[in-house]
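Here are the chains, one letter per residue:
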Amino acid sequence: MLAINLWSPRHGLSIGVALLTAFLLGVVHGVTPDEHTWPITFSYAVGSFSARRGMRSALAFSLSFTVQRALLSELAFLGLLAIRDNPTWNAAIYLVVGVTMVAAGFYVLRLRCSLHLHLWPPRIGGCHRPQHADTAEWAGRTPTPAMAAVHGFVAGWGMGAFALIMMTVLAPAMPTAALGWAPGAAFGIGTTAVLAGAGAVIGGLIRHQRLPRHLAEQVAQEGAGWTLLAGGALFTLAGVAGLAVPAIMTVGISTGIHVHNLDQVNIGTLLVILIVVVAVVTITRTVHRFRHLPAGGARRIVLLARPGAGKSTQAERLAGILGITHVSTGELLRRQVATDAAGAGPVARLLAEGDLVPEETVEAILMPRLADAAAAGGYVLDGFPRDVSQAAVLAQLPPGERPELAVSLDVPEAECRRRLLARARAQDRTDDTPQTIDRRLAAYDRDMRPVLTWYGQQGQLVRVDGAGTVGDVTGQIVATGRLRPPSASGPPELSGGPGRRRSAAAWLAAANPEAMKKPAAAARRERVLPIIRLRQVAGCSRPVTSPSLQMA
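All of these numbers come straight from a predicted model, not from anything done at the bench.

Cut-offs and rules
Positions within a chain are numbered from 1, following the residues in the order the chain's sequence is written. Since the coordinates come from a predicted model, pLDDT governs what is reported: local features require at least 70, and pairs of side-chain atoms require 80 or more to be given and counted, while whole-chain, interface and lining totals use all residues. Each side-chain value is derived from all of the structure's non-hydrogen atoms; neither hydrogens nor water enter the calculation. Each helix is a run of DSSP H or I of at least 4 residues and each strand a run of E of at least 2, with the numbering of both proceeding from the N terminus. Only protein chains enter the accessibility calculation, which uses a 1.4 Å probe. A residue is then buried if its area is under 20% of the maximum for its type, exposed if over 50%, and partly exposed in between. Only the protein chains shown count as cover for residues, with accessible areas throughout obtained via the Shrake-Rupley method and a probe of 1.4 Å. Whether two strands pair comes down to DSSP finding at least two bridges between them. Interaxial angle, 0 to 180 degrees, is taken between N-to-C directions of lines fitted to C-alpha atoms, where a helix line uses only the stretch in contact. Whether two residues are in contact is decided by their heavy atoms: any pair within 4.5 Å suffices. Nine residue types can take part in a nonpolar core, namely buried Ala, Val, Leu, Ile, Met, Phe, Trp, Tyr and Cys, and a core is a set of them joined through side-chain atoms within 4.5 Å.

A. Molecular detail of the overall build of the protein chain. When you go through the protein chain residue by residue, the secondary structure sums to 20 helices and nine strands. Expressed as a percentage of the 552 residues in the protein chain, the buried residues total 49%. Carbon together with sulfur atoms contributes 63% to the accessible area of the protein chain, which is approximately 24800 Å² in total.

Here is the structure:
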C-alpha cells in the first residue's frame, strides 16, 4: 500500500514516489492561497475577459513557474543553491515581484509618470494617462501572456515550505543529475493543472456580467490594471518592511491545519486576501457603473473633437442615418448673435474674440432644445460639453435626456488648423482668424482631456480616427456597434458582437438605398468583404437630411 505524507515527506523515496509527491504538492500549492501564485494569476486572469484568455494567461504564468522550479530543483540536486528559509531572501523576492506588478499595472492603465516639483499646492511628480489613447482614456491594453510568463519566473524564486521540501527531500531523491530537474517540473505541472482551470473560471466570470464585449473588455482591463498596481504596491511595501525587519516575514498565527499555506495566517496570507479584495471591489464597482448603459445601442450622442475636426458634418450625417435631431451649439449661438441688435450683444462679442460663452448662457439656450430633441427620438450634440463641469450638467439631466454615448473624433492639431483657415477663406467667417483658431485649439486641449477621461470612466467613450474621408469616418462610427437603428426592426447586432460590421453595413444600406444600385460583381465583392461595403455605403454622396432644432 502506497502512503505519501505531503506534510513532511521522508528521505529515501523512490523515483516514482518522489515525482508523485512533487506533483501532489504542486496541486496543493495551486489550491491553497499562496502569495506567489494566487494574486498574480488572479490579476492576469481578470484582465482576460474570457475563459479561454484566462486559461492562456494562467498557463503562461504556470509554465514559466514550472521552468523556474525545474531549474531550482536541478540546482538543489547539484548543491549549488545554499538558500534555505531565509526571511531576507523572501523579502527581496517580494520587492522584485511588487515592482514587476506595478510596472504591469502602469502598462495596462497607460499611466505615465514624470518627476517634477509643485511648490503650491505642494506635490512631487505626477502620473497621467495620454490624451490620445487608442481606446477609453483610462485604459486600452490587455495584460499579455508574456507579462504573466515573466511574473511566473520571478515569483518562482520565493522560498516557502513547498520549495524547501523539493530542495531538501525530493531533488536529492533523484539518482542522477540528468533527473535533478524532474521533481521541480512535476511540482510545477501540478500547480499548472490547478491554476489553468482557475484562470479560465476567473476570466469567464467577466463574460457572465451580461455586458457587451467592448464593456466586458473595459471592465477586465480596469480590474487587472488596478489589481496589479495596488497588489504591486502591497508586495513592495511588504518587501521593504521585511528587509528592514526580517522577523516580520516569519510572524504568523497558527491555524492547526496540517496543510502547507493553511497552517498559519502570516504576511503572505494577508497579501492574498488584500489583493483579491482589491480586484473584487474594482470589478464590482466598474460593472455597476456600466449597468446604466443602453443595452440596444445609443440614440443620444455627444460628438467631441477639436475645432475643425468635422463634428458638424459627422453629426449631420449620423442624425440623418439614425433619424434623430442634430443639435449644434455653435449654430444656436450664431442664431442668438443674429437676433442681437446689430450683432453687438455679449454673445457676438465673445465669439468674435474667440472666447467661450458663459455656461449659464449656453445652458439657457441649449437645454430646452435638447429636451425637445430627446422627446422626438434622440439627438447628436456637437459643441457641448467643453469642460468637465458641462459634462456633469449633462449627466444630471433626466434619464431620458442625458447622453448615452460620447464619440471622439481624433484629428491632429495641424490638420484642424489647416481646415479652419481654409474654411475662413471660403466662407468669409470673421470668427476664424489665426489668433482665435490658436486660442480655441489651446482651450480644447486644456479643457477636454478631463472630459474624455470622464466619459471613458463611464464606459461611454468611443474614439475613431477623424482624419480620413467624411464617409470613412462615418463608417468607423457606425462600425463600433454602439448606435441604435431608427426602429425596433433594426439589426440587434448593433449593440455589439461578432456580426456587428455586417449588420452595420446592412443598416446603412437601408438608410441609403441608392448606394446599393451597383453591378452584380461589385455586390459579390461586398458580400465577401463586409467592411468595404460598409465604407462604400457610409461614404456615398447622397445628401443626408435630418430634423434640425436650428430651424425651430
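B. Structural detail: the pairing of strand β9 (residues 461-465). Most of β9 is tucked away, with four of its five residues classed as buried. Note that strand β8 (residues 405-410) and β9 share five bridges and pair parallel. Bridge assignment links Ser408 to a residue of β9, and that residue is Arg463.

C. Highlighting the sheet that holds strand β6 (residues 325-328). Taken together, five strands build an open sheet; the order of strands is β6-β7-β5-β8-β9 and the sheet is parallel. Unpaired on one side and paired on the other, β6 and β9 mark the two borders of the sheet. Each strand of the sheet is rotated relative to its neighbour by a mean of 20 degrees, with strand direction disregarded. Each of β5 (300-305), β8 and β9 touches helix α16 (residues 434-457); the most contacted strand, β5, lies at about 145 degrees to it. This element, helix α17 (residues 470-479), spans β8 and β9 of the sheet and lies at about 150 degrees to β9.

D. Structural context of the environment of Thr453. Checked against the element boundaries, Thr453 lands in helix α16. With 65 residues separating them along the chain, Thr453 and Val388 place their C-alpha atoms 9.2 Å apart.

E. Focus on the nonpolar core. Core analysis: the biggest nonpolar cluster contains 47 residues, and Leu72, Val97 and Leu170 have the highest contact counts within it. Those residues in contact with Val97 that sit more than four places away from it in its chain are His36, Ile40, His151, Val154, Ala155 and Phe235.

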